[in-house]
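Analysis of the macromolecular model
Letter by letter, the chains look like this.
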Amino acid sequence: MNTGRLAAQRGHSMIELMIALVVGGISIAALYAGYAVFVGYHGKLSALAAADRSALQVLDVLARDLRAAGYKDFSTTYGPLAGTGVPAVDFSGAIGGIPAGTCGCNPGESCRVTTVYDLSSTQRIGVSYYTRTHAGDRATRCRLWQRRDQWSGSAWTQGREDVVADWVDNIRFVAGDPQATGRTYAGLPQMVTISLQLRAPAIATTRGTAMSRTYATAVRIRNVALVP
Amino acid sequence: MKLAPPAAGFTLIEVLVSVVVIGIGFLGFQGFYGFAQSSIQRTTERIQANFAAQEIMEQIATDTASGINPSAYDGSLAQCGTLTGKKRVWCDRIAGAIGTAPALLPATETRKVTVQTIPGSSPQRYIVTVTLASQGGKNHIVQRRIVTAP
């Protein structure tokens, strides 16, 4: 029986193992660094896209209510809008006691607006937009709220509140082109310019690069403009 | 009995080469994100341009209904320095939102308001066209509307 000689098995030396460990560690670290960079990009891009999308929706909602301001149903039970202490558009909070904005307001400018119009012959509503500070779990920030109040013929019944936009840095409603005296809606604006500054939230802010964008447009209040 | 020779591992050079190859792969990802970023940038410009055009339209519609002839607004919005009044305000606002007018095309073509009178209409109607090109010239939006005199 030939036993022969077993070839000596050579293992790895300690040094070799250590070098392999270091090289492996470096490549994993490089992969992770690359991954982290892409996560950062992704967060930034998603946040910007979210701000854009949000701005589009918010300005659309605001524009719809402002356009309808002053609309009076032909067979309404509440009589005319004008001259009854219920203006079609208001920035002072007089309608339904809308609170003054607690955030996102420029001094001397309006960050709240109320529009009044008829939904039907028996439904006259006042839709208001205003800001309020929100102490969220991630950060204290400013939110834009909507409230739909109902006119009973003599008083406003407070309706439901909804958040319309989050992470609002600044909002203002600028009244323009006041209607001439002698017309139905004398003194009320025929145009309202909306300027909305939204912050892109998410990961971007935690990385120290808070981005915010300003979106502005104007809405013509047709009923104020056209009613003789 | 002979044992098989020990299996050959990776050499340091091989590992380094693979790291470089993976790095090149990451560069490809980088290019993808660059593309995504420019897409979002273009979308934002488009949104801003549409908002600006809407603002101009609403103002012209309001003024026309108040008895102002909108033909006064006909003309280029490319060179803000040469404009006055509302056109200056619009021009500055557009420049702030999407940058100054591109120099690629004739300046009068890139940003302008065109007002055409509809002949024989009573009350008088006008076709208003707002054309806005972004700074890089990649976005080009056109809004058109009919406005009516009182």
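Notes on the packing of helix H1 (residues 12-65) of chain B against helix H2 (residues 85-98) of chain B
Residue and element names in this part refer to chain B. One way to put it is that H1 packs onto H2 with a least axis distance of 9 Å and a crossing angle of 170°. The pairing of H1 with H2 is recorded here as roughly antiparallel in orientation. Taken as a pair, H1 and H2 cross one another with a handedness that is right-handed. Contacts between H1 and H2 pair Glu45, Gln48, Ala49, Ala52, Ile56 and Gln59 from the former with Lys86, Trp90, Arg93, Ile94, Ala97 and Ile98 from the latter. Class assignment of the residues belonging to the contact of H1 with H2 gives a composition of 7 nonpolar, 2 polar and 3 charged.

Focus: unusual backbone geometry
Working note: non-glycine residues mostly have negative phi, and peptide bonds are mostly trans. The peptide bond linking Ser122 of chain B to Pro123 of chain B adopts the cis configuration, its omega dihedral lying at 0°. Relative to the helices and strands, Pro123 of chain B is located in the loop between strand E2 (111-118) and strand E3 (125-133). Of note, the phi angle at Asp177 of chain A is positive, near 50°, even though the residue is not glycine. Note that Asp177 of chain A resides in strand E7 (residues 168-178). You can call Asp177 of chain A buried: it has 21 C-beta atoms within 10 Å.

Considerations on the pairing of strand E3 (residues 123-135) of chain A
All names here are of chain A. The pairing of strand E2 (residues 113-120) with E3 spans 7 bridges and is classified as antiparallel. Across the sheet, Ser120 pairs through a bridge with Gln123, a residue of E3. Remark: 2 residues form the turn of the hairpin made by E2 and E3, two consecutive strands paired antiparallel. As paired strands, E3 and strand E4 (residues 140-151) are joined by 11 bridges and run antiparallel to one another. The residue bridging Gly126 from the neighbouring strand is Asp149, located in E4. The turn linking E3 back onto E4 is made up of 4 residues.

A word on the interface of chain A and chain B
When the parts of a complex come together, some accessible area is lost, and that lost area is often used as the size of the interface. Taken residue by residue, the interface counts 27 residues in chain A and 26 residues in chain B. Listed by contribution, the elements that provide at least two residues to the side of chain A that touches chain B are helix H1 (14-68), strand E8 (189-200), strand E9 (211-220) and helix H3 (222-226) of chain A. It is H1 of chain A that provides the largest number of residues to the side of chain A that touches chain B, a total of 12 residues. Residue composition of the side of chain A that touches chain B, grouped by class: 18 nonpolar, 5 polar and 4 charged.

Considerations on the confidence of the model for chain B
In the predicted model, chain B carries a mean pLDDT of 86, and the fraction of residues at 70 or more is 91%. Confidence estimates for the predicted assembly give a pTM of 0.81 and an ipTM of 0.78.

Overview of the sheet that holds strand E1 (residues 75-76) of chain B
For sheets, the rule is that strands pair by backbone hydrogen bonds, running either parallel or antiparallel. Residues and elements named next belong to chain B. The strand order across the open sheet formed by 4 strands is E1-E2-E3-E4, and the pairing between neighbours is antiparallel. With partners counted over all chains shown, the strands left at the sheet margins are E1 and strand E4 (140-148), one partner each. Here E1 pairs with E2 via 2 bridges, running antiparallel. Of the residues in E2, the one forming a bridge with Gly75 is Val113. Packing against the sheet, H1 makes contact with E2, E3 and E4, and its axis sits at approximately 15° to E4.

Description of H1 of chain A
Residues and elements named next belong to chain A. For H1, spanning 55 residues, the distance from its first C-alpha to its last is 80 Å, which sits close to the expected 81 Å at 1.5 Å a residue. Every buried residue belonging to H1 is among Lys44, Ala47, Leu48, Ala51, Asp52, Ser54, Ala55, Val58, Leu59, Leu62, Asp65 and Leu66, and all of these are buried. Gly70 occupies a position one or two residues after H1 and carries a positive phi of about 85°.

Thoughts on the environment of Thr217 of chain A
Along the polypeptide, Thr217 of chain A turns up in strand E9. Separated by 60 residues in the primary sequence, Thr217 of chain A and Thr157 of chain A have C-alpha atoms spaced 31 Å apart. Residue contacts for Thr217 of chain A: discarding those within four places in its chain leaves Leu59 and Ile194 of chain A together with Phe51, Gln54 and Glu55 of chain B.

Observations concerning the sheet that holds E7 of chain A
Here 3 strands make up an open sheet; going across it, the order is E7-E8-E9 (chain A) and the pairing antiparallel. If you trace the sheet from one side to the other, it starts and ends with E7 and E9 of chain A, each paired once. Shown here is a sheet whose adjacent strand axes are inclined to one another by a mean of 15°, direction ignored. Here 10 bridges tie E8 of chain A to E9 of chain A, and the two strands are oriented antiparallel to one another. Paired with Met191 of chain A across the strands is Arg220 of chain A, a residue of E9 of chain A. Contacting E8 and E9 of chain A, H1 of chain A crosses the sheet at an angle of about 160° to E8 of chain A. Here H1 of chain B sits on the sheet and contacts E7, E8 and E9 of chain A; the angle it forms with E9 of chain A, its principal contact strand, is near 25°.

A closer look at the environment of Thr64 of chain B
All names here are of chain B. Among the structural elements, Thr64 can be located in helix H1. Classification of Thr64 by C-beta neighbours within 10 Å gives buried; the count is 24. Considering only alpha carbons, one finds Thr64 and Tyr126, 62 residues apart in sequence, at a separation of 9.0 Å. If we ignore the near neighbours within four places in the chain, the residues touching Thr64 are Pro70, Tyr126, Val147, Thr148 and Ala149.

Details of H2 of chain B
Residues and elements named next belong to chain B. Compared with an ideal rise of 1.5 Å per residue, which puts 14 residues at 20 Å, H2 spans 20 Å between its outermost C-alpha atoms and is within 8% of the ideal. Along H2, the positions that sit buried rather than exposed are Trp90, Cys91, Ile94, Ala97 and Ile98. Down the axis of H2, the smallest arc covering the buried residues is 135°, so these residues share one side. On its buried face, H2 sits against H1, E2 and E3.

Thresholds, definitions, all that
Note that residues are indexed from 1 along each chain, following the sequence as it is written. Note on labels: chains are lettered from A, ligands numbered from 1, in written order. This being a predicted model, a pLDDT of at least 70 is required before a residue's local features are given, and a value of 80 or more before pairs of side-chain atoms are given or counted; all residues contribute to the totals for chains, interfaces and linings. Inter-axis angles, ranging from 0 to 180 degrees, are taken between N-to-C directions of lines fitted to C-alpha atoms, where helices are fitted over the stretch in contact. Secondary structure follows DSSP: runs of H or I at least 4 residues long count as helices, runs of E at least 2 residues long count as strands, and numbering of each begins at the N terminus. Angles are sorted into four bins: roughly parallel if under 35 degrees, roughly antiparallel if over 145, roughly perpendicular if 65 to 115, and oblique for all others. In this scheme the handedness of a crossing depends on how the near helix is turned from the far one: anticlockwise by less than a right angle means left-handed, clockwise means right-handed. What counts as a contact here is a pair of residues whose C-beta atoms, placed from the backbone, lie within 7 Å. Residue polarity is assigned by list, with Asp, Glu, Lys and Arg as charged and Ala, Val, Leu, Ile, Met, Phe, Trp, Tyr, Cys and Pro as nonpolar; anything else, Gly included, falls into the polar class. Think of it as a crowd count around each C-beta: if 20 or more other C-beta atoms lie within 10 Å the residue is buried, if 12 or fewer it is exposed, and in between it is partly exposed, with C-beta placed from the backbone throughout. Only when DSSP finds a minimum of two bridges between them are two strands counted as paired. For every residue, the pLDDT score states the predictor's confidence, bounded by 0 at the bottom and 100 at the top. By this rule, a helix spans an expected 1.5 Å times one less than how many residues it contains. What the arc covers is the set of directions going from the helix axis to the C-beta atoms.

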